[in-house]
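# Structural description and commentary
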Amino acid sequence: MNSPDDVLLVLTNLPDADSAGKLARLLVEQRLAACVNMLTPCTSVYRWQGALETATEQPLLIKTTRARYPALQAAVHEAHPYELPELIAIPVQEGLPAYLAWVAAETAPQP
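Residues numbered from 1 in each chain as written. Predicted model: local features only at pLDDT ≥ 70, side-chain atom pairs only at ≥ 80, totals over all residues. Heavy atoms only, no water.

## A closer look at the overall build of the protein
Test applied: The way it works is that DSSP assigns letters per residue, a run of H or I at least four long becomes a helix, a run of E at least two long becomes a strand, and they are numbered from the N terminus. Only C-alpha atoms enter the radius of gyration, while the globule expectation follows 2.2 Å times N to the 0.38, with N the number of residues. Exposure categories follow from relative accessible area, calculated using a 1.4 Å probe and restricted to protein chains: below 20% of the type maximum is buried, above 50% is exposed, and the middle band is partly exposed. Working rule for contacts: check all heavy atoms of both residues, and any pair within 4.5 Å makes them a contact. Counting rule applied: Lys, Arg positive; Asp, Glu negative; His and chain ends not counted. Lysine's charge is taken at NZ, arginine's at CZ, aspartate's at CG and glutamate's at CD.
The number of helices and strands found in the protein is 3 helices and 5 strands. Going from the N terminus to the C terminus, the protein shows its helices and strands as β-α-β-β-β-α-β-α. Taken over C-alpha atoms, the radius of gyration comes to 15 Å for the protein, in line with the 13 Å a tight globule of 111 residues would show. Counting only C-alpha atoms and orienting by the principal axes, one finds that the protein spans roughly 45 × 30 × 25 Å. Taking all 111 residues of the protein together, 33% fall into the buried category. When contacts within the protein are restricted to residue pairs at least 6 apart in sequence, those whose partners lie at least 24 apart make up 74%. Taking the average location of the 7 positive side-chain charges in the protein and that of its 12 negative ones, the two points are 3 Å from each other.

The structure is reproduced here in structure tokens:
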């Protein structure tokens, strides 16, 4: 599984650093992600239930594989504090082969 097409970059946002850190650790501990980057908080502007909202959020960049994405999606949906969390998966088009192999190895289910 060293094909770039097998690796995904998954994006989500959480309301604060504490909830972001908990989700990041959960995903890596369960081998659903090889690595999760917690970025600097950002300001999000969006419409929710008919009202314009502005919120400070903590973005996460999650590295996983297509094979692990369904389980990752289920874990995020269960653990995320938002009613409707953003969860977007972007296929990796290119990457350092050794890094892609590492992502695959770190997300492989353990016996």
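## Some details on the packing of helix α1 (residues 17-29) against helix α2 (residues 69-79)
Put simply, the test is: A fitted line through C-alpha atoms serves as each axis, taken over the contacting stretch for helices, and the angle formed by two N-to-C directions is quoted from 0 to 180°. Angle categories are assigned with fixed cut-offs, so that under 35 degrees is roughly parallel, over 145 is roughly antiparallel, 65 to 115 is roughly perpendicular, and the rest are oblique. Helix crossings get a hand from a simple test, with the near helix turned counterclockwise from the far one by less than a right angle marking a left-handed crossing and a clockwise turn marking a right-handed one. In this count, Pro and Cys sit with the nonpolar residues alongside Ala, Val, Leu, Ile, Met, Phe, Trp and Tyr, while Asp, Glu, Lys and Arg are called charged and the others, Gly among them, polar.
Where α1 contacts α2, the axes come no closer than 11 Å and their chain directions differ by 150°. Classified by the interaxial angle, the pair formed by α1 and α2 is roughly antiparallel. With respect to the hand of their crossing, α1 and α2 are arranged in right-handed fashion. Along the contact surface, α1 presents Leu 23, Leu 26 and Leu 27, while α2 presents Leu 72, Ala 75, Val 76 and Ala 79. When grouped by side-chain class, the residues that make up the contact of α1 with α2 number 7 nonpolar, no polar and no charged.

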